[in-house]
Amino acid sequence: MGRIGGAEIEGGRSSKEDEYESRSGNSDNLDGGASGDDQDADNPPRKKRYHRHTPQQIQELESLFKECPHPDEKQRLELSKRLCLESRQVKFWFQNRRTQMKTQLERHENSILRQECDKLRAENASIRDAMRSPICSNCGGRAVLGEVSLEEQQLRIENARLKDELERVCALAGKFIGTPMPPISSMPNSSLELAVGGNGFRGLSPVVSSLPQVTEFGSTACAPLGSIQARPNGNGLGLERSMLELALVAMDELVKMAQVDEPLWIRSLENGRETLNLEEYLDVFARCIGPKPVGFVTEATRETGVVILNSLALVETLMDADRWAQMFPSIIARASTTDVISCGMAGTRNGALQLMHAELQVLSPLVPIREVQFLRFCKQHAEGVWAVVDVSMDGIRENASSPGNMKCRRLPSGCVVQDLRNGYSKVTWVEHAEYEEGAIHQLYRALLSSGMGFGAQRWLAALQRQSECLAILLSTTVSSQNPAAFTPAGRRSMLKLAQRMTGRFCAGVCGSHVHDWAHLSGSGVGSMTAGGEEVRVMTRKSIDDPGEPPGVVLSAATSVWLPVAPQRLFEFLRDERLRSEWDILSNGGPMQEMAHIAKGQDHGNCVSLLRASAMNPTQSSMLILQETCTDPSGALVVYAPVDIPAMHVVMSGGDSTYVALLPSGFAILPDGPGSPHQLGWPPQPGGPARVGGSLLTVAFQILVNSLPTAKLNMESVDTVNNLILCTVQKIKSALQCES
C-alpha cells in the first residue's frame, strides 16, 4: 500500500508539474506514446513523458521573448544550438508563450470592462432607490415624481449619454480586437431610460466591416479603448471615436489601393509609372475627408520595391517622429508627434494611433513647404505583414497650416510592408494628396503634377538608399578606401557629422521652422536678378548652437533649369578633380580626396574629406567635408569647410557635436514629364523634339558677422548674391549651356 500510495502521490505530483509547465509555455517536447493503431492489444499503452526545460533554458527563452516575441528561423536555430534544444522545441515554446500573453491581456481587458459595468450597475441601482422614495428639496418630505429637481433630471440625462458613449466605444473596440466586447445592454432597465428616451446618440456607421480583423489591441501601459480618457479640449470621447473611425476607413482604403491594379491604377507605356484613375477612385471609395477644395489639384502615385529592412524595424521608424525625419532628411524638414491616442499592444505597434505634424519639402526656394497635420495608424494584418496609413484631420480638426505655407491635405497614404527572407521586405508605397497649385512656381509645376516631387517614387527611393546605408554601417567589413585612417568609432563619428551637415543644408534651402529664418525683401533681394535667376535670401542669428559658429548667418538659394541630364550634372559637381571649374573659393587649385566612406553600392553615395592645395606659400590649406547622395528621384551634393584639428578628433572617434559647420551645396531633380523646357533646347528647326533636363538648386550659408547682435548690411547681401550667381554662371559655362 505504501508503494501504491507513493506511486499515486508521485504520479499526481508529476501530472501537476506537467500541467503547470504546459500552461506557462515551458513544456513542448513529448516523448513516447504510439498511436492506437500501432499498439498491440495485449500490451498497455506506454505513458507519455514530457520534457521539462531547465531553469537556465527558461531564463534564456524568457529573455529573448521580451526582446522579440516572434523570432525568425535563424534566431530560433541559434537559440536551439545554444540551449541544446531542437528548433521545433524552441518554436513551440514561443507559440505557447504568445498564447499565454494573449490570454492574460484578454483577462485584463475583461476585468476593466467588468469594473466599468459594475460601476454603472451600482449607480443605476442607487438612482432607482432614490426614485422609489423621492424627497422634496424644499420641505424635506416625500415628493412625487414630477417634483424631481432640475439638477437631478440633468444628471439623469448625462448618465444616459455616458452609457450610450460607453456602448459605442465598446462596439468600436470590438472591431479593433476582432472579438465582441462584454455587452452593456444586459443591465436591468431603469427609470432613467423611461425619463430620458432617445437622445440621438445611437448607432455606429458600419464603415469597417470589410477590414481584416486584428486579434490583439491595447496595452497595459496605455488606456484601453473602453476607458479612453477625455481630452482637455472638452470634446471627450466623441473626438477619440471620430479619430478611430477615420483611421479605420483610411486603413481600408490604403490596403485596397496597394492591392488593386487596373482599372484603379493605369500604367504608363512611356515610363512605366502608375497613375490613379480618378473616375474609378471616386466610384470605389467614399471621400473620407470631404470634397476637394476649390483651386486644389490631385496627385496620386504608387511604387513597389524591396528594401534591406524588416517590417518591424520599418514600422518602428515610421511611428517614431524623430527616426522618421532622420530616415528622410531631404523630404521631411520637421516632424513631431502631437498626441498619442493608442500606443499599441504588448510592446508592439499593432493598433498604434497618433496625431502628427510634419513639414514636407522639395529642395528649392520656388516650392513652398507643405505643412500637414494628420493621423498615423499602424496595423498588423498577418504574420510579417504590416500597414501604416496617414490621413489629414479635415472634418475633425481644422488643418492648421500657416498662411505662408502651401495649403495641402493628405488623403489616405502610406505603405504596406511584407517580410521576405534574410531581413529584406517588400514595400508598396502609396501617396495621395491634394494641394493648391497656385503657390508653385511654373518651373516646378510639371515635376509636382507628375508625382516626382512628393510622390511614392521619391519616398521609396530614399528609403532604399537609407536602408542600404544602414546595412553597410552595421556590417563588420570596413568600406573605406583607406581603412588605416579610420577606426570604427571614427567612421561613425564622421558619418554622424555628415548627417548633421546635410540636415542643416536642407533646412536652409526652404526656410523650415527648424531654424528661425527671416526673409529679406527690397533692394533687389528676392526679385529677379539681372541674370534671370530669382535668388531668395534669408538670415538668422546663431547664438548658443555648439555646432555652428556664432554670429549672423546668411542663406541664399536659387533654382535654375539646365539642359543637362541629372546624372551628368551630378557627376560633374561631385568630382573633386573638376571642382575648380565652379568653386570660386577653391582658389582655382586642384582638390585631393583624403578619405572616402561608401554609403551604398552606388559610388555616388559616399562621404569624402577633401583637401584644397595651396597655390602659393601665403595660402593655408583647407579641408572640405562632402556628402553626395543619388537615387532615381534626384541627387544631393553638400559640402562645408571644416577645421583641421577638429577633423583629427572626429576621425579618431571623438565627439562631432562641437564641430562648427555652415553647409552649402546643390540639389538636383529631373525636370518632370511635360515640362515647358522639354520642347527642345535651344529651339531649332529640324532639331530634336524634346530634351530632358535638370532642375538645379544652388544654396549657400555664410557667416557675415561674428557678432550675433550685429545688424545686417546690404553689402553682405550683395556679396552673397554675386557669389551664387557667379557659381551658376560657371556651371553653365563648364557644361556649355550658357544661352
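Residues numbered from 1 in each chain as written. Predicted model: local features only at pLDDT ≥ 70, side-chain atom pairs only at ≥ 80, totals over all residues. Heavy atoms only, no water.

## A look at the overall build of the protein chain
For the protein chain, the count of helices and strands is 16 helices and 21 strands. Expressed as a percentage of contacts within the protein chain between residues at least 6 apart in sequence, the contacts between residues at least 24 apart total 69%. Summed over all atoms, the accessible surface of the protein chain reaches about 36,300 Å², with 52% contributed by carbon and sulfur. (Helix = DSSP H or I, 4+ residues; strand = E, 2+ residues; numbered from the N terminus. Contact = heavy atoms within 4.5 Å. Areas by Shrake-Rupley, 256 points an atom, 1.4 Å probe, with all protein chains shown as cover.)

## A word on the packing of helix α3 (residues 73–83) against helix α4 (residues 87–132)
Running from N to C, α3 and α4 point in directions that differ by 115°, and their axes come no closer than 8 Å. On the basis of the axis angle, α3 is roughly perpendicular to α4. In terms of crossing hand, the pair formed by α3 and α4 is right-handed. Judged by residue contacts, Arg-76, Leu-79 and Ser-80 of α3 engage Ser-87, Val-90, Lys-91 and Phe-94 from α4. (Axes fitted to C-alpha atoms, helices over the stretch in contact; angles between N-to-C directions. Parallel < 35°, antiparallel > 145°, perpendicular 65-115°, else oblique. Left-handed = near helix turned anticlockwise from the far one by under 90°.)

## Some remarks on empty space enclosed by the protein
The final tally for this structure, using the stated rule, is seven cavities of 30 Å³ or more. The volume enclosed by the largest cavity comes to roughly 170 Å³. Grouping the constituent residues of the lining of the largest cavity by class yields nine nonpolar, four polar and three charged. (1 Å grid on protein atoms, 1.4 Å probe; cavity = no way out; pocket = protein on both sides within 12 Å on 5 of 7 lines; lining within 4 Å. Points joined across faces, edges and corners; volume = space filled by probe spheres on them. Nonpolar A, V, L, I, M, F, W, Y, C, P; charged D, E, K, R; others polar.)

## Topic: the side chain of Glu-62
Note on placement: Glu-62 falls in helix α2 (residues 55–67). Reaching out from Glu-62, the side chain makes a polar contact with the side chain of Arg-97 at a distance of 2.9 Å. With sequence-adjacent residues up to four places away left out, Glu-62 is seen in contact with Trp-93 and Arg-97. (Polar contact = N/O pair within 3.5 Å; in protein donor to acceptor, adjacent residues only side chain to side chain.)

## Digging into a negative patch on the surface
Together, Asp-72, Glu-73, Glu-78, Glu-383 and Asp-419 make up a negatively charged patch on the protein surface. Tracing the sequence through the fold places Asp-72 in the loop between α2 and α3. (Patch = residues over 30% accessible without salt bridge, like charges linked within 9 Å, V, L, I, M, F, W, Y side chains within 5 Å. Salt bridge = Lys/Arg side-chain N within 4 Å of Asp/Glu carboxyl O. Lys, Arg positive; Asp, Glu negative; His and termini not counted. Charge placed at Lys NZ, Arg CZ, Asp CG, Glu CD.)

## A short note on a nonpolar patch on the surface
Where nonpolar side chains cluster on the molecular surface, the patch consists of Val-306, Ile-308, Leu-420 and Tyr-424 and spans about 310 Å² of accessible area. For Leu-420, the location among the structural elements is in the loop between β11 (413–419) and β12 (425–436). A relative accessible area of 42% places Leu-420 in the partly exposed class. (Buried < 20%, exposed > 50% of the residue type's maximum accessible area, 1.4 Å probe, protein only.)

## A look at the pattern of salt bridges
Using the criterion set out here, one finds 21 salt bridges in the structure. A salt bridge links Glu-274 to Arg-302, with the shortest nitrogen-to-oxygen separation between them at 2.9 Å. Within this pair, whereas Glu-274 is found in strand β4 (residues 274–276), its partner Arg-302 is found in strand β5 (residues 296–307), the two being separated by 28 residues in sequence. Taking relative accessible area as the criterion, Glu-274 reaches 14% and is therefore assigned buried. Take Arg-302: its relative accessible area is 5%, and that puts it in the buried class.

## Comments concerning the pairing of β5
Pairing geometry for β4 and β5, over two bridges, is antiparallel. Bridge pairing in β5 links Glu-274 to Arg-302. Looking at chain direction, β5 and β12 are connected through twelve bridges and run antiparallel. Paired with Val-306 across the bridge in β12 is Lys-426. (Pairing = 2+ DSSP bridges.)

## Things to note about the pairing of strand β19 (residues 634–642)
Burial analysis of β19 places eight of its nine residues in the buried class, which makes it a mostly covered element. Sheet analysis places strand β18 (residues 622–631) next to β19, joined by nine bridges and oriented antiparallel. In the strand pairing of β19, Asp-631 is matched with Gly-634. Where β18 hands over to β19, the hairpin turn is made up of two residues, counted between the paired strands. Where β19 lies against strand β20 (residues 664–670), five bridges are found, and the strand directions are antiparallel. Note on β20: the bridge partner recorded for Val-637 is Phe-666.

## What to know about the environment of Arg-349
Position of Arg-349 relative to the elements: it lies in the loop between β6 (332–342) and β7 (353–360). Among the residues examined, Arg-349 registers a relative accessible area of 19% and is labelled buried. Taking the C-alpha atoms as reference, Arg-349 lies 6.4 Å from Cys-378; in sequence the two are 29 residues apart. Excluding residues within four positions of it along the chain, Arg-349 makes contact with Val-315, Glu-316, Met-319, Gly-344, Gln-354, Cys-378 and Trp-386. At a separation of 3.3 Å, a polar atom in the side chain of Arg-349 contacts the side chain of Glu-316.

## Notes on the confidence of the model for the protein chain
When pLDDT is averaged along the protein chain, the result is 75, and 71% of the positions lie at 70 or above. When the criterion is pLDDT under 50, residues 522–531 qualifies, and its contacts beyond four places in sequence or with other chains add up to 15 contacts. (pLDDT = per-residue confidence, 0-100.)

## Side note on the packing of helix α13 (residues 488–510) against helix α15 (residues 644–651)
Where α13 contacts α15, the two axes come as close as 7 Å, and the packing angle between them is 125°. One way to sum up the angle between α13 and α15 is to call them oblique. Taking contact as the criterion, the partners of Gly-490, Ser-493, Met-494 and Leu-497 in α13 are, on α15, Met-647, Val-650 and Met-651. Residues that form the contact of α13 with α15 fall into these classes: five nonpolar, two polar and no charged.

## Notes on the state of the cysteines
Overall, the coordinates contain zero disulfides when judged by the stated rule. Looking at the unpaired Cys-378, the closest cysteine sulfur is the one in Cys-415, lying at 8.8 Å. (Disulfide = S-S within 2.5 Å.)

## Details of the side chain of Ser-413
Tracing the backbone shows Ser-413 in strand β11. Here His-432 takes part through its backbone nitrogen, which lies 2.8 Å from a polar atom of the side chain of Ser-413. In this structure, Ser-413 is in contact with Leu-254, Val-388, Val-389, Asp-390, Val-430, Glu-431 and His-432, ignoring residues within four places of it in sequence.

## Structural notes on unusual backbone geometry
Residue Pro-263 follows Glu-262 across a cis peptide bond; omega there is 5°. Following the sequence through the fold, Pro-263 ends up in the loop between α7 (237–259) and β3 (265–267). Positive phi outside glycine occurs at Asn-422, with the angle close to 60°. As for its placement among the helices and strands, Asn-422 is situated in the loop between β11 and β12. For Asn-422, a relative accessible area of 73% corresponds to the exposed category. Unlike most non-glycine residues, Gln-736 shows phi in positive territory, near 60°. As for its position among the elements, Gln-736 is in the segment after α16 (714–734).

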